[in-house]
Amino acid sequence: MASEGILFGMGNPLLDISCTANKEFLDKYGLEANNAILAEDKHKPMYQEMITSFKDVDYCAGGATQNSIRIAQWIIGGSNATTFMGCIGKDDFGKTLRSAAEKDHVKVQYQYNDKEPTGTCAVVITDKNRSLVANLAAANCFTKDHLDVKEHWDSVEKAKFYYCAGFFLTVCPPALMMVSQHACNQNKLFSMNLSAPFISQFFKDPLMQLLPYADIVFGNETEAATFSKEQDFKTEDVKEIAKRIASLPKENQKRSRMCVITQGRDPVLVAQDGVVKEYAVIGFDNPDDIVDSNGAGDAFVGGM
């Protein structure tokens, strides 16, 4: 059985509000069928509209990194093999999040904010697609000094593996740098995710500051294409992009970087040391067996 606290994650804990909607609802709020964005003022009314207008509303503990950590904990087994940090509000949604995570045997060390509510994420499902609209609220208030608490930094030091989604780059890059530099200095494995096209577009500087410390970089084909465009790779070939990401400058020279790109039903690409390997995706005989794609990428990372 894995050691307690072997995997450490830090990210945006959100309460997912999920429902099956239609194209009209997407168009009303300017959403794409399969995308992830941060909520703007124009999106704020959609959360209440989802609750009042749709019958199949579901609530669950979410946030990309927390999802992956919970899946990893499920696979590892036991209790508290994983630790997760993020910021939540002092409210009922926060209590729900903590209860759900602890029920899944994740050790949570949340930072609490008494001015902002717990963050939420609208999960709008149409056909097999999902559109995510995150209202970070308290999740946006995480501060690096949370890591200065001895028992919190003890959790960082105890871990052997680290993971964060790129979404946390919108919140507290200094905290990510602190953890990733520790991993580098101690020759531990730090992994990250490109997470969504807007991260490469609008948070380019903190992304490129963190990337040299990443031993594994995850992403999908859309995120890879956006990263290529923003970094002026001058190619749309996903295999070549994966190789280029893997070969970008790296602080820890004791191991080469791996870049893992998913492509839906097409093969997963794994690039390392200038070589790209393909791994076939197990298909479905009946496409109707696919409920929706929400959380698929997070679960994939948790399994890795």
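Our structure's up above, just so we're on the same page.
Here is what the cut-offs are and how they apply
- In this convention, every chain numbers its residues from 1, walking through the sequence in written order.
- The predicted origin of the model limits local features to residues at a pLDDT of at least 70 and limits the giving and counting of side-chain atom pairs to 80 or more, whereas totals for whole chains, interfaces and linings rest on all residues.
- As a rule here, side-chain values cover all heavy atoms of the structure and leave hydrogens and water aside.
- What makes a salt bridge here is a side-chain nitrogen of Lys or Arg within 4 Å of a carboxyl oxygen of Asp or Glu, nothing more.
- What counts as a helix is a DSSP run of H or I of at least four residues, what counts as a strand is a run of E of at least two, and both are numbered from the N terminus.
- Exposure is judged per residue with a 1.4 Å probe applied to protein chains only, and the accessible area is read against the type maximum: over 50% gives exposed, under 20% gives buried, and values in between give partly exposed.
- Residues are said to line a cavity or pocket when one of their atoms sits within 4 Å of a point; the points come from a 1 Å grid over protein atoms alone, cavities being sets where a 1.4 Å probe fits but cannot get out and pockets being open sets with protein on both sides within 12 Å along at least five of seven lines.
- Grid points are joined across faces, edges and corners, and a volume is the space filled by probe spheres set on the points.
- When residues are grouped by polarity, Ala, Val, Leu, Ile, Met, Phe, Trp, Tyr, Cys and Pro land in nonpolar, Asp, Glu, Lys and Arg in charged, and all others, Gly among them, in polar.
- Definition used in this section: a nonpolar core is a set of buried Ala, Val, Leu, Ile, Met, Phe, Trp, Tyr and Cys residues joined via side-chain atoms within 4.5 Å.
- Here a residue-residue contact requires only that any non-hydrogen atoms of the pair lie within 4.5 Å.

Peer 1: Help me understand the pattern of salt bridges, please; the structure alone is not making it clear to me.
Peer 2: Side chains carrying opposite charge are able to pair once their charged atoms draw close together. If you walk through the whole model with that rule in mind, you get twelve salt bridges. Glu230 is paired through a salt bridge with Lys204; the nearest N and O atoms lie 3.0 Å apart. Taken together, the residues span a long stretch of sequence, with Glu230 in helix H9 (residues 221-230) and Lys204 in helix H8 (residues 204-210) at a distance of 26 residues. Of the residues examined, Glu230 reaches a relative accessible area of 25% and is grouped as partly exposed. Where Arg255 meets Asp215, a salt bridge forms, and the shortest distance between an N and an O atom there is 3.4 Å. Within this pair, whereas Arg255 is found in the loop between helix H10 (238-247) and strand S14 (258-263), its partner Asp215 is found in the loop between H8 and strand S13 (216-220), the two being separated by 40 residues in sequence. One salt-bridge network, held together by shared partners, links Asp215, Lys250 and Arg255.

Peer 1: Can you walk me through empty space enclosed by the protein in this structure?
Peer 2: If a probe the size of a water molecule is rolled over the atoms, the empty space left behind becomes visible. Enumeration over the complete set of coordinates arrives at two cavities of 30 Å³ or more. Roughly 40 Å³ of internal volume is contained in the largest cavity. Along the walls of the largest cavity sit Ser180, Ala183, Cys184, Lys188, Phe190, Pro212, Tyr213, Ala214, Asp215, Lys250, Asn252 and Arg255, which together make up its complete lining. Counted by class, the lining of the largest cavity contains six nonpolar, two polar and four charged residues. Forming the walls of the second largest cavity are Glu4, Gly5, Asn80, Thr83, Lys107, Ser155 and Lys158. When the residues that make up the lining of the second largest cavity are grouped by side-chain class, the tally is no nonpolar, four polar and three charged.

Peer 1: Would you mind showing me how to read the nonpolar core here?
Peer 2: Across soluble globular proteins, you tend to see nonpolar side chains buried next to one another. With 66 residues, the main nonpolar core has Met10, Phe142 and Phe190 as its most contacted residues. Ranked by residue count, the leading element in this core is helix H6 (residues 173-185), at six residues. In this view, Phe190 contacts Tyr162, Cys164, Val179, Ser180, Ala183, Leu210, Tyr213, Ala214, Asp215 and Ile216; residues no more than four positions away in its chain are not counted.

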